[in-house]
There are 2 protein chains.
Amino acid sequence: MKDAAAARPSAGLPAPTRREQILREAARLFAERGFHGVGVDEIGAAVGISGPGLYRHFAGKDAMLAELLVGISGRLFTGGRRRVAEAAEAGAPPREVLYALIDGHIDFALDDRALITLHDRELGQLRDSDRKLVRSLQRQYVELWVEVVRELHPRALEVEARAAVHAVFGLLNSTPHLGRPGALPGREAMAALLRRLALGALDALGPSPLLED
Amino acid sequence: MKDAAAARPSAGLPAPTRREQILREAARLFAERGFHGVGVDEIGAAVGISGPGLYRHFAGKDAMLAELLVGISGRLFTGGRRRVAEAAEAGAPPREVLYALIDGHIDFALDDRALITLHDRELGQLRDSDRKLVRSLQRQYVELWVEVVRELHPRALEVEARAAVHAVFGLLNSTPHLGRPGALPGREAMAALLRRLALGALDALGPSPLLED
DNA sequence: GGCATCTGTTAACGCTCATTAACCGAGCGC
DNA sequence: GCGCTCGGTTAATGAGCGTTAACAGATGCC
């Protein structure tokens, strides 16, 4: 079985492929109960087929997870790179580039909560080669942020900037931990809040501590 | 450091019990490869006994995870409550109470990275009753923070304060995601950095956005 | 009309793995 | 010395689950 249509051409049609259906449901289930916690029969049932029928679309359960994780980290990176490039081309100052990165990440965090969760929960379940790939994409994405942060805070050590970027990812990725919707502000309010918090954290990177008492 | 002289029957000696050995190694392994990803034989091997010998100390694999998660969320909560009480008794202003909570959480995040990881990764694997207990402890801990944050930012909506607290937890708990040590600042530098970032984020809760562009 | 491909189905296989059974030496109270 | 509990051991059990086999109904090409 070869990849018949692995690269879906940008036809732009809203028709959700069976493959895509499966990926979406698998992401949801994996995020809810963990990769090992959900059986192939459940995934099948979630899209109306049952059990081994999935093997007509994927080489195995691992392959689904791999595609999800490579997909999310790839989109995060390319999306971030695009935003940085566009901002740079428009001659935007570093601070605006940072805004662009933050807003882009917030969109991911709010729209793809399941994937954000999987992204750092199930990395260990991947085959070595896939894990290397995902790690590489993650590293490149972090690097985008670190460069911008270092422009804004030239006095900060690189290792501090990197740790701060990771910390801000933790902050932005916190939404999945909030209980059922209703406990959290509406999408726009939440986005605005996360934006303020992230900026507040990163602004605190610069000035030397001024330790209180 | 705190002596974890948890009330164990007929113990009381500073010697590390077999039970405690097992819990520590299990925590490390669970954090590394996930609850389902590590077998009972591996846990046994990590403490020098093999396989089913663990059942002389625990009712089962689930029981180990339950004890770990209940333990960490319990210690987080009681530690936080103690700090708040002490600060209040000393007549400290809300801002200082917040400092105490932040520093306490940072100690946990830096000293018990494995447990912090498990804490929100494997909650779903618990039996219903244990999960309820852990959730309750978590909720009470969050409430400690929310109260203090609301004193500092009376104008913020409660739902915003709660979301901000979750976000700051994400920020503070980000250290496990940093690669091997060496890539991150030393323990004291890291603590100071996290402290500044968390304060920066929470300070940004207050003022109305003043949205740039 | 025939046949190949695509997408399903159900049944069977095989492996992993938590748990239990059965057994055993070492202390130790008496 | 006797017997009881503790903390181990290895072998067996049994369930769950990913995967593969074998088969079948459309669909469409020639």
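Remember, predicted model here, so these are calculated numbers, not experimental data.

Caption draft 1: Quick look at the protein's contact with DNA strand D. As a structural note, the neighbourhood of DNA strand D is formed by 15 residues, with Tyr-55 and Lys-61 of chain A together with Arg-18, Arg-56 and His-57 of chain B the closest of them. Taken together, the sugar and phosphate atoms account for 51% of what DNA strand D places within 4 Å of the protein. In the environment of DNA strand D, a phosphate oxygen lies 2.8 Å from a nitrogen or oxygen atom belonging to the backbone of Val-40 of chain A. Tyr-55 of chain A has a polar side-chain atom sitting 2.3 Å from a phosphate oxygen of DNA strand D. Here the residues of the surface near DNA strand D are counted per class, giving 6 nonpolar, 5 polar and 4 charged.

Caption draft 2: Broad picture of the protein's contact with DNA strand C. Surrounding DNA strand C, one finds 15 residues, the nearest of these being Arg-18, Arg-56 and His-57 of chain A together with Val-40 and Tyr-55 of chain B. Within 4 Å of the protein, the contacting atoms of DNA strand C are 49% sugar and phosphate, with bases supplying the remainder. One of the backbone nitrogen or oxygen atoms of Val-40 of chain B is found 2.8 Å away from a phosphate oxygen of DNA strand C. With respect to DNA strand C, the side chain of Lys-61 of chain B contributes an N or O atom lying 2.9 Å from a phosphate oxygen.

Caption draft 3: Summary view of the UniProt feature "DNA-binding region" (unreviewed entry) in chain A. Sites flagged by UniProt as "DNA-binding region" (unreviewed entry) map to residues 39-58 of chain A. The span residues 39-58 of chain A shows a helical share of 35% and a strand share of 0%, and its end C-alpha atoms are spaced 15 Å apart.

Caption draft 4: Molecular detail of the pattern of salt bridges. Evaluated as defined, the whole model comprises 36 salt bridges over all chains. For Asp-107 of chain B, the salt bridge is made with Arg-83 of chain B, and the minimal N-O distance between the two is 3.8 Å. One end of the pair, Asp-107 of chain B, is in helix α4 (residues 94-111); the other, Arg-83 of chain B, is in helix α3 (residues 61-89), with 24 residues separating them in the sequence. According to the relative accessible area criterion, Asp-107 of chain B is partly exposed, its value standing at 28%. Ionic contacts of the salt-bridge type, sharing partners, join the residues Glu-25, Arg-28, Glu-32, Arg-33 and Glu-42 of chain A into one network.

Caption draft 5: A look at the side chain of His-105 of chain A. Residues and elements named next belong to chain A. Along the chain, His-105 falls in helix α4 (residues 94-111). The buried category is assigned to His-105, whose relative accessible area is 2%. One polar contact links His-105 to Tyr-141, side chain to side chain, over a distance of 2.7 Å. The contacts of His-105, once residues within four sequence positions are left out, are Leu-76, Tyr-141, Trp-145, Phe-169, Leu-172 and Asn-173.

Caption draft 6: Region of interest: the nonpolar core. Counting 131 residues, the largest nonpolar core has Trp-145 of chain A together with Trp-145 of chain B as the members making the most contacts within it. In contact with Trp-145 of chain B, other than residues within four places in its own chain, are Leu-98, Leu-101, Ile-102, His-105, Val-165, Val-168, Phe-169, Leu-172 and Leu-202 of chain B.

Caption draft 7: Summary view of the UniProt feature "domain: HTH tetR-type" (unreviewed entry) in chain A. Following the UniProt record, one finds the feature "domain: HTH tetR-type" (unreviewed entry) at residues 16-76 of chain A. As annotated, residues 16-76 of chain A has a helix share of 64% and a strand share of 0%, and its two end C-alpha atoms lie 22 Å apart.

Caption draft 8: View of the packing of aromatic side chains. Considering all chains together, one arrives at 8 aromatic pairs over all chains under this definition. Each ring, one from Phe-30 of chain A and one from Phe-35 of chain A, has its centre 5.1 Å from the other, and the planes form 65 degrees; the classification is edge-to-face. As far as burial versus exposure is concerned, Phe-30 of chain A and Phe-35 of chain A are alike and both buried. Taken together, Tyr-141, Trp-145 and Phe-169 of chain A form an aromatic cluster joined through their ring pairs. The ring of Phe-35 of chain A carries the charged tip of Lys-61 of chain A above its face, separated from the ring centre by 4.4 Å. Between Arg-195 of chain B and the ring centre of Tyr-99 of chain B, over which it is positioned, the NZ or CZ distance is 5.1 Å.

Caption draft 9: Summary view of the interface of chain A and chain B. Facing 38 residues of chain A, the contacting portion of chain B comprises 39 residues. For the pair chain A and chain B, the summed buried area comes to about 3,300 Å², and 63% of that belongs to carbon and sulfur atoms. Across the chain A-chain B interface, the total number found is 2 salt bridges. Glu-160 of chain A is the partner of Arg-196 of chain B in a salt bridge, and the nearest nitrogen-oxygen pair spans 3.8 Å. Counting the contacts that link chain A with chain B gives 6 residue pairs in polar contact (both at pLDDT 80 or more). Residue assignment for the side of chain A that touches chain B shows that the elements contributing at least two residues are α4, α5 (113-121), α7 (158-172) and α8 (187-203) of chain A. Examining the composition of the side of chain A that touches chain B, we find that 9 residues originate from one element, α8 of chain A, more than from any other.

Calculation notes
Residues numbered from 1 in each chain as written. Chains lettered and ligands numbered in written order. Predicted model: local features only at pLDDT ≥ 70, side-chain atom pairs only at ≥ 80, totals over all residues. Heavy atoms only, no water. Near = heavy atom within 4 Å. Polar contact = N/O pair within 3.5 Å; in protein donor to acceptor, adjacent residues only side chain to side chain. Nonpolar A, V, L, I, M, F, W, Y, C, P; charged D, E, K, R; others polar. UniProt positions renumbered as here; feature names shortened; annotations may be inferred. Helix = DSSP H or I, 4+ residues; strand = E, 2+ residues; numbered from the N terminus. Salt bridge = Lys/Arg side-chain N within 4 Å of Asp/Glu carboxyl O. Buried < 20%, exposed > 50% of the residue type's maximum accessible area, 1.4 Å probe, protein only. Contact = heavy atoms within 4.5 Å. Core = buried A, V, L, I, M, F, W, Y, C linked by side-chain atoms within 4.5 Å. Phe/Tyr/Trp six-rings, centres within 6.5 Å; stacked < 30°, edge-to-face > 60°. Lys NZ or Arg CZ within 6 Å of the ring centre and 35° of its normal. Buried area = accessible area lost by both parts, 1.4 Å probe.

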